[in-house]
Structures are given as C-alpha cells and as structure tokens.
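Summary of the model geometry
Okay, here's what each chain looks like letter by letter:
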Protein chains: 2
Amino acid sequence: MTAEAGAGGRPLAGLRVVECATYVAGPSGGMTLAQLGADVIRVDPLGGATDHRRWPLAPNGGSLYWHSLNKGKRSVTVDLRAPAGKELVTALITAPGADAGVFLDNNVARSWLDWPALSARRPDLVHVHVQGHRDGRPAVDYTVNAAAGIPDMTGGESDGAPVNHVLPAWDLLTGQTAVVGLLAALRHRDRTGEGTYLEVALADVALAGVAALGWYADAQLSGADRPRHGNHVYGSFGVDFPTSDGRRVMVVALTEGQWRSLCQVTGTQEVFAALEKALGVDLEDEVTRYHHRETIAAILRGWFAARDVATVSRELEAARVLWGPYRTATDVVRDHEAAPASSPLTEVVQPGIGRLLAMGSPLRVRAQEVPPRPAPVLGADTDEVLADVLGLGASEIGRLHDEGVLAPTGGRG
Amino acid sequence: MTAEAGAGGRPLAGLRVVECATYVAGPSGGMTLAQLGADVIRVDPLGGATDHRRWPLAPNGGSLYWHSLNKGKRSVTVDLRAPAGKELVTALITAPGADAGVFLDNNVARSWLDWPALSARRPDLVHVHVQGHRDGRPAVDYTVNAAAGIPDMTGGESDGAPVNHVLPAWDLLTGQTAVVGLLAALRHRDRTGEGTYLEVALADVALAGVAALGWYADAQLSGADRPRHGNHVYGSFGVDFPTSDGRRVMVVALTEGQWRSLCQVTGTQEVFAALEKALGVDLEDEVTRYHHRETIAAILRGWFAARDVATVSRELEAARVLWGPYRTATDVVRDHEAAPASSPLTEVVQPGIGRLLAMGSPLRVRAQEVPPRPAPVLGADTDEVLADVLGLGASEIGRLHDEGVLAPTGGRG
C-alpha cells in the first residue's frame, strides 16, 4: 500500500460520524464510511447491543458477525438510560465542526436521539435514520424479502413453497443507500450550510429494488407472475452444469458473442444450427435462447459432464465464455489460502478472536486496494473519544466510570 | 410534495454526471444520483446498448427493465465508433465546472473512455469504473453469486444442488457502492481540488458482502460449511408458516421480547415451558431457539394453519410480533391498487410504454418522499444536451445528424 492510499489520502479523511445502529444495515454503512477514511464512532449500551453475540461465532465465542461488520470503527459504550449517558452521546453527535455533526442510527423508541431533539442542538446536523418499515414497525431482511415477492420467484416449479434466499441482500443494500443519502446531504451542507434529515426503511429499499428491475410493472401489465424456473437466468440463457468431478459451474450467454463462444468451445455449433433449422428459430436472439433454455442446457450438459472443473475452467477462459464456478464457503477459504497474494480476502488479527479472514472496501481508490482493519473491542475507545471529541479530562472521565455511566475501569464494554 | 423536496431542494441539485453504463449496476447507480437531484446524462450508442431490449417487456415490446432502471435521466445517443462521436462524449464528460466532471461507466475495450485518456483532458475528474472481475474479465450477478458461495447455502438439505436466488443483489449493491465512491471522491475534490479514479468489481462486492457477515471467517475457523436449512433464519428463530387460506407468512423472533410476543399470541407459553423443562434448555436464548427450530416450528404450525392470512395479520400486529406476509408480484400490484395513497409504489406515465408501476428513491428527504420520474426516450435529449453543455449551435448539431454521428433527425435513438 502506498502513502497515497493511506488514511490521509482516503477520500473521507477528516470526517467524523457517530453511529448508533445494530445488526447489518446501519453498521455495514458505518463500516463503508470508515473504509473510505472517516472516523466512525459506534456507540453501544454498556455490555453491547443485541447484535454483539450474533452468529456465526468463533471457537472462543466471539461473534464473527459483529467483528466483521464493525471493522475500522472506534467503539464507545455508555449507559444509554442514564441522563448523563444520554447527554454524552448527544454531545458526541452534535459536537461542532464542518467535519462533524453526522449521525447514522436505527433506534426505535429513543426519542432523545431523534431529529427534533438532535437538530435543536445542532441545526445543520446530517442525520440518516434506518428503519424496518417507514411507520416505525420492525422488519428484517427475511420479512421484507417475502413481502417483496422474491421467494415466490426463487427455486423450481416443483418446489411449491417459496424459497427464502440466505443472503441479507436488502440489509446490505440499505446500508449503502444510507451512506449515499448521508454523503449527498453532506455535500448539500457543504454548499448551503443546511442540515438534512433522511429516513430509509428496509421494506422500501426492497420494493424500490424490485421495482427498478421492472418486475412489478411486468406483473401489472401482463397480469401474471413470472414462472419459477430453477437455476436459469430470466430472459436470457444461463444455467448451471455439473462437471465430472462433482463440482458445478454457472454459464451465461447474454450477448451474441458470448453465445458463439459457448457453442464453439463445446463443439455444438452444428447441433444448434440443425436445431435452429428444425425449429425455425434464431438462437442468436437472447429471448429465443430463454424460450429454448431446457433444450440448450440438455445439449450442452454432456460436454461439462465429461470434464473436471479445472479443464472446464481452462477451456472456458481460453474461449472467453462468461462463466463462474460454484464454490462453498470452505472452497473460498481454500482458494484464498492457495494464493493469498492474489486473493481479495486478507487475514486480519482481530483483538478478542485472533487471525480471521476479512475483506476491505470493494472500491479501489487510485488503483490501490483499501485493506481491512480489525474491529474495535467493545467499549475500548470510550475514554479516548470522550477526551478527543468532548475534551473531557481524566478526572471527569474517572467520575463517569465511578458513577456507572461508563463501564467499570478495566471492565469489558 | 412541497417545494422543499422539489428539484431545487434535493441534496445533489446542480450536479451533472455522465453515465456510460449498461445492465443493472451502473444504471441503478446513475438513477440514484438522478433521484437525489443530479442531472444524469446516460450516453448510449446509436440504437441503444445491449440492455435496451432486456426482459421483462411491456405488451408493446418496450423494455420494462431499461425504462425502470433509467428513470429521471436524460438520454444522449452518439455513434461511439466515429471519431467525432468520441470527441463529443469526451467533451461532455470533461466539460468544465465544479458541478461537472463526474463520470460513471462500465465500459470494456473502449480505451478512449479510460482514466488516462479522460484525466488528461480534465485532471480533477471523478471517475467510477464498474467492472465484472477486477482484471477486466466479464462477470454477472449469477456467476459471482455462485463463486461467493451463496447458492450452496440456499435451499434445503434435500435439494442437493445449489439454489440460485433470482434477485440480482450484487448488481444493485454494486450500483450503490459505486455511488458511495463517487460522492466520497466528490467531497475530496471539493476540499482539495483533486480528481479520483475508483474501480469497483461485481465479484469483489460479492466477496466483501459475504465477508462482512463473517461467513468466510466462520468457514475458516470452523473448517466446515454451514448447513443448508431451507427457509429458516440462521442462528435465530425464523421460518415460514402456511395459513388456512393457502397464503404464507414469515415469522421471526430475534429478541427475547419478540419471542415472548410470539408465544403469547399463539397461546404456546405452557407448551414451551414444558419443553424447556423436558430438554433442560432456555428458549429465551436466541441460539437455543435456532438449535430447536424444527420443534418450535412444529408446535407453532397449527395456530397458523387454523387462521386465514387476514386474521393472522391482525393478531400478530396487535401482539407486535415480527413478521411479514409472502406476496407474489401480482399480490404487490393488487395491494398497491387497493390502497394507492398509502403505497410506496406510484404510477408514472412512461413515454413509449404508457402507465406503469414505479418507485422513487427509498430515501425520504426531510420527511418528504422522492417520487419517480419517467425514463427518457432513447436519444431524445441529445440535441438539448449538446446545446446546453457544449454550447453547440443548431447548424453544428444539424451537421452531426447529417454526417450520421447523431441519429437521423426525427429517427429513433
């Protein structure tokens, strides 16, 4: 890593953000800001919030989830029910400076952390509030995904019941959407001096995401739900094939060029030419490939079944076919360990856990990777932040520890 | 909508962004910028790019996909192979002004649109380049998702083969990540005068997303892949239940409070108390609920099977249980039509298609919704943009049409 991509050269260097959020959406947003150079202070209640022990866990019991979602932040813990604790957090959020006064939260029923209360203290605050539903009712990725219609489209015709996917996609997307709003509002403040309050609900992110693909408009105008079609790509050709060694690959042909490459490398040009003639169709047309996806897949299957994944990989790459291997999480780990220098994943030494696989920002800045930093130990930065940001002296901080507003000195969190 | 939330009050009002991107990731990012008030100019080759006819289609053949992903932009089409066309696009991207010089693209093999070429013309350019793989090889959502390990975790134990989910989650996430990078780099330019080149690869977004959940670290430290467990939520209690009228609901109990509410409304407190005693476990512990998820689901199933979805909805809401209905896309449309005033979806009149369901930004700005605007007609803003941004006169624009650098006057795209 060169100095250019170091902390000083990161685009958000100097910015300070206070985060009071749990689970995936808000914390992943805060982590993104930290990766781009911001000083992100995550505030939790004493002992940690409800996400601090979330699965998966390391063998020593530490949460791999929490430590993976909070990398590169500072951690402050305060008694959030004590008036003095509330005042400390309010002061952190509304501390003066053009590079401060930025707050990301997902609190429910903490009215002292809402926009009216905070903007009364700092009118030019930038505040992004993450919600479940827009009316404040709770929601999680699995509930909004079901309501958005995705599990009904997932899986095969014969599955009957809807299939939940395991990726909390709406959580991750809400986190990035929150950061987009935050940075847009910050630009507005830089230009006009005005603060902005933004809200973003997980349920709305899901509806907006599906609407952006035209899938609701399709249901509206056609009056029908699209068919479930297993592992096939919708409206084009793409499906998975098993290889001779029990692995599996995903192969896609969106464009004419990709389709021709696929036919060429598998030696199926003549078969498909004969099929086109027999059916009176043109398989160079994407939608025609979609209509005949089962037949195309049946014709191609033998080529994949006769080769192991290494041979398939080599031949498809040489032919510039659009494809990817299926991997399990342990395959991803093995591939990383076989070639760590070229892997986007990196090991970090995580206090409280030890060495673990992590990844930095997927954004590369000026051709430089942004490597991961470990997560904080819960509460470990409390004293430092109160001194830095609020200018509290050692005796005052000591008194707050003694009074129980902060954790007992030397205690955890 | 009040004036405050109108175009002038949107946080990115005044910003101009040139987009030269296709499919979901880049265009969804550009749409986000347009929703927040930026003037986003999408540049396409004459006749449109490969995504212009992508499924789903309206009954009249227009792409609901393209028109849903490009809402609120202006559309310019130019012969991208002609030297004069290349010069026009380069001039648009590098036009002077603190609110211009921002470029979002996913081009492959167009070296005249790369950072060295463009920054030579405008050194303070903010340029975000979206890729498939970081080495420039193509990738799509389905191929990176397979390689990231998600289909292997999706579906039930008995499915055997991995299950692809249909949501292009990584595409949507890459779009928002690109915008995060763009706005961060814009802030850096506002402060320092420096331009920034950022790259973001779909494959890296997928690996970083899964790594952020701790799932690779889990595979690394445990040496094993997590089990596939159908529609259950990992590490907690959450699963789907059929109702008496053939509908289905997703029910989740992450916290003690949610678990108690669920037991109370279903009248199962005594059964679970007896079960806890018999097994010697505490079901108020989240992970214990995960271990006993099948038993818990079996005990709860009868309550749901005895009620229709309307009754289930009423009772769960009253009890503050965390839940959501499963809906199909046509259910979403029907629910919107039954109560359009309270629906986050809106109808827009889309030139070239007609009325269709759309949604604005999921971000609400100062408690105001940001409603959707229609997509442009392909190429319709070409003359206006060349006049506005480059100051070209009518005769010069006429000559470009005559020479075929722009589409024939009155012609489509």
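All figures in this text were calculated on a predicted structure; none of them were measured in a lab.

What to know about the overall build of chain A
- Across its full length, chain A holds 17 helices and 13 strands.
- Each of the three principal axes of chain A carries a C-alpha extent, and together these read 85 × 50 × 40 Å.
- Relative to its 413 residues, chain A shows a buried fraction of 64%.
- Of all intrachain contacts in chain A linking residues separated by at least 6 positions in sequence, the fraction that spans at least 24 positions is 67%.
- In the structure as shown, chain A presents an accessible area of about 14,500 Å², 52% of it carried by carbon and sulfur atoms.
- Here chain A carries 38 positive and 48 negative side-chain charges, and the mean point of each set is 2 Å from the other.

A closer look at the pairing of strand β3 (residues 74-78) of chain B
Residues and elements named next belong to chain B.
- Burial of β3 is extensive: five of the five residues sit out of reach of the surface.
- Because side chains alternate across β3, one face comprises the buried residues Arg 74, Val 76 and Val 78, and the other comprises Ser 75 and Thr 77, equally buried.
- Note that strand β2 (residues 39-45) and β3 share five bridges and pair parallel. Paired with Val 43 across the two strands is Val 76, which belongs to β3.
- Each parallel crossover has a hand, and the one from β2 via helix α2 (residues 64-69) to β3 is right-handed.

What about the packing of helix α15 (residues 329-338) of chain A against helix α9 (residues 215-222) of chain B?
- Their axes nearest at 8 Å, the elements α15(A) and α9(B) cross at an angle of 80°. As the angle between them shows, α15(A) and α9(B) are arranged roughly perpendicular. Packed against α15(A), whose contacting residues are A:Ala329, A:Thr330, A:Val332, A:Val333 and A:Glu337, the element α9(B) presents B:Trp215, B:Tyr216, B:Ala219 and B:Gln220 at the interface.
- Residue composition of the contact of α15(A) with α9(B), grouped by class: six nonpolar, two polar and one charged.

Details of the sheet that holds strand β9 (residues 322-325) of chain A
Residues and elements named next belong to chain A.
- Sheet architecture is open: three strands sit in the order β7-β8-β9, paired in antiparallel fashion. Each edge of the open sheet is held by one strand with a lone partner, namely β7 (237-242) and β9. Within the sheet, the average angular offset between the axes of one strand and its neighbour, ignoring direction, is 20°.
- In the sheet, β7 pairs with strand β8 (residues 248-253) via six bridges, with the strands oriented antiparallel. The residue of β8 that forms the bridge with Pro 242 is Arg 248.
- Those strands touched by helix α13 (residues 293-305) are β7 and β8, and its axis lies near 35° from that of β7.

Focus: the pattern of salt bridges
- Applying the stated criterion to the full structure yields 54 salt bridges over all chains.
- The shortest N-O distance in the salt bridge between B:Glu286 and A:Arg54 comes to 3.9 Å. With B:Glu286 in helix α12 (residues 286-291) and A:Arg54 in the loop between β2 (39-45) and α2 (64-69), this pair bridges two chains. Across this residue pair, the class does not change: B:Glu286 and A:Arg54 are buried.
- Salt-bridge contacts for A:Arg74 lead to A:Glu384; the nearest nitrogen and oxygen are separated by 2.6 Å. Of this pair, A:Arg74 sits in strand β3 (residues 74-78) while A:Glu384 sits in helix α16 (residues 382-390), and the two are 310 residues apart along the sequence.
- Here the salt bridges do not stand alone but share partners, grouping A:Asp39, A:Arg74, A:Glu384 and A:Asp388 into one network.

Some remarks on the interface of chain A and chain B
- Every contact between the two is made by 136 residues of chain A and, on the other side, 136 residues of chain B.
- At the boundary of chain A with chain B, total buried surface from both sides reaches about 11,800 Å², with 65% on carbon and sulfur atoms.
- Looking only at chain A, the three residues that lose the most surface to chain B are A:Trp55, A:Arg187 and A:Arg364, adding up to 7% of its buried area.
- For B:Glu317, the salt bridge goes to A:Arg137, with nearest N and O atoms at 2.9 Å.
- At the boundary of chain A with chain B, the tally comes to 44 residue pairs in polar contact (both at pLDDT 80 or more).
- The element contributing the most residues to the side of chain A that touches chain B is helix α7 (residues 169-192) of chain A, with 17 residues.
- In terms of residue class, the side of chain A that touches chain B is built from 82 nonpolar, 29 polar and 25 charged.
- Two strands pair when backbone bridges link them, and strand β6 (residues 196-201) of chain A and strand β12 (residues 361-365) of chain B are joined in this way by three bridges, in the antiparallel orientation. Following the sheet pairing, A:Leu198 is matched in β12(B) by B:Val365.

Focus: the packing of aromatic side chains
- Tallied over the entire structure, the rule returns 16 aromatic pairs over all chains.
- With a centroid separation of 5.6 Å and an interplanar angle of 20°, the aromatic rings of B:Trp115 and B:Tyr197 are classed as stacked. With B:Trp115 in helix α4 (residues 115-121) and B:Tyr197 in strand β6 (residues 196-201), the pair connects residues that are 82 residues apart, well separated along the chain.
- Taking 6.3 Å as the distance between ring centres and 65° as the angle between the ring planes, the aromatic pair formed by B:Phe237 and B:Trp259 counts as edge-to-face. Remark: B:Trp259 occurs in helix α10 (residues 256-266) and B:Phe237 occurs in strand β7 (residues 237-242); sequence separation between them is 22 residues.
- Residue classification places B:Phe237 among the buried residues on the basis of a relative accessible area of 0%.
- Three or more aromatic residues joined by ring pairs form one cluster here, namely A:Trp55, B:Tyr234 and B:Tyr290.
- The side chain of A:Arg226 reaches across the aromatic face of A:Trp215, ending 4.3 Å from its centre.

With respect to the nonpolar core
- By size, the foremost hydrophobic cluster in this structure holds 150 residues, and its most contacted members are A:Trp170, A:Leu183, A:Tyr216, B:Trp170, B:Leu183 and B:Tyr216.
- Setting aside residues up to four positions removed in sequence, B:Tyr216 forms contacts with A:Ala329, A:Val332, A:Val333, A:Leu345, A:Leu357, B:Ala148, B:Leu207, B:Val210 and B:Ala211.

Quick word on the relation of the copies chain A and chain B
- For the pair chain A and chain B, the superposition axis carries a translation of 0.0 Å, the fit reaches an RMSD of 0.0 Å, and the rotation angle comes to 180°. On this basis, the relationship between the two copies can be described by a two-fold rotation axis.
- Most of the interface of chain A is mirrored in chain B: 100% of its interface residues are interface residues there too.

Brief notes about the confidence of the model for chain A
- Per-residue confidence for chain A gives a mean pLDDT of 95, with 97% of residues at or over 70.
- Our summary of model confidence lists the complex with pTM equal to 0.97 and ipTM equal to 0.97.

Some remarks on the sheet that holds strand β8 (residues 248-253) of chain B
Residues and elements named next belong to chain B.
- An order of β7-β8-β9 is seen for the three strands of this open sheet, with the pairing classed as antiparallel. Strands with a single pairing partner mark the edges of an open sheet, and in this sheet they are β7 and β9 (322-325). Pairwise comparison of adjacent strand axes, ignoring direction, gives a mean angle of 20° for this sheet.
- In the packing of helix α13 (residues 293-305) onto the sheet, the strands contacted are β7 and β8, and the crossing angle to β7 comes to about 35°.

Focus: the environment of A:Glu256
Residue and element names in this part refer to chain A.
- Looking at where Glu 256 falls in the secondary structure, it is placed in helix α10 (residues 256-266).
- Of the residues examined, Glu 256 reaches a relative accessible area of 42% and is grouped as partly exposed.
- Spatially, the C-alpha atom of Glu 256 lies 27 Å from that of Met 153, the residues being 103 residues apart in sequence.
- The contact partners of Glu 256, leaving out residues within four places of it in the chain, are Glu 284 and Arg 289.

What about the packing of helix α1 (residues 25-35) of chain B against helix α7 (residues 169-192) of chain B?
Residue and element names in this part refer to chain B.
- Where α1 contacts α7, the axes come no closer than 7 Å and their chain directions differ by 50°. In terms of axis orientation, α1 runs oblique to α7. By crossing handedness, the relation of α1 to α7 is classed as right-handed. Packed against α1, whose contacting residues are Ala 25, Ser 28, Gly 29, Thr 32 and Leu 33, the element α7 presents Asp 171, Leu 172, Thr 174, Gly 175, Gln 176, Val 179, Leu 182 and Leu 183 at the interface.
- Across the contact of α1 with α7, the residue classes tally to six nonpolar, six polar and one charged.

Things to note about helix α9 (residues 215-222) of chain A
All names here are of chain A.
- Among the eight residues that make up α9, six are buried, leaving the element largely enclosed by the rest of the structure.
- When we look at burial in α9, the residues that qualify are Trp 215, Tyr 216, Ala 217, Asp 218, Ala 219 and Gln 220.
- Looking one or two places after α9, you find Gly 223, whose phi comes out positive at around 75°.

Basis of the calculations
Residues numbered from 1 in each chain as written. Chains lettered and ligands numbered in written order. Predicted model: local features only at pLDDT ≥ 70, side-chain atom pairs only at ≥ 80, totals over all residues. Heavy atoms only, no water. Helix = DSSP H or I, 4+ residues; strand = E, 2+ residues; numbered from the N terminus. Buried < 20%, exposed > 50% of the residue type's maximum accessible area, 1.4 Å probe, protein only. Contact = heavy atoms within 4.5 Å. Areas by Shrake-Rupley, 256 points an atom, 1.4 Å probe, with all protein chains shown as cover. Lys, Arg positive; Asp, Glu negative; His and termini not counted. Charge placed at Lys NZ, Arg CZ, Asp CG, Glu CD. Pairing = 2+ DSSP bridges. Right-handed = clockwise from strand over helix to strand, strands pointing away. Axes fitted to C-alpha atoms, helices over the stretch in contact; angles between N-to-C directions. Parallel < 35°, antiparallel > 145°, perpendicular 65-115°, else oblique. Nonpolar A, V, L, I, M, F, W, Y, C, P; charged D, E, K, R; others polar. Salt bridge = Lys/Arg side-chain N within 4 Å of Asp/Glu carboxyl O. Buried area = accessible area lost by both parts, 1.4 Å probe. Polar contact = N/O pair within 3.5 Å; in protein donor to acceptor, adjacent residues only side chain to side chain. Phe/Tyr/Trp six-rings, centres within 6.5 Å; stacked < 30°, edge-to-face > 60°. Lys NZ or Arg CZ within 6 Å of the ring centre and 35° of its normal. Core = buried A, V, L, I, M, F, W, Y, C linked by side-chain atoms within 4.5 Å. Least-squares fit on C-alpha atoms with pLDDT ≥ 70 in both. pLDDT = per-residue confidence, 0-100. Left-handed = near helix turned anticlockwise from the far one by under 90°.

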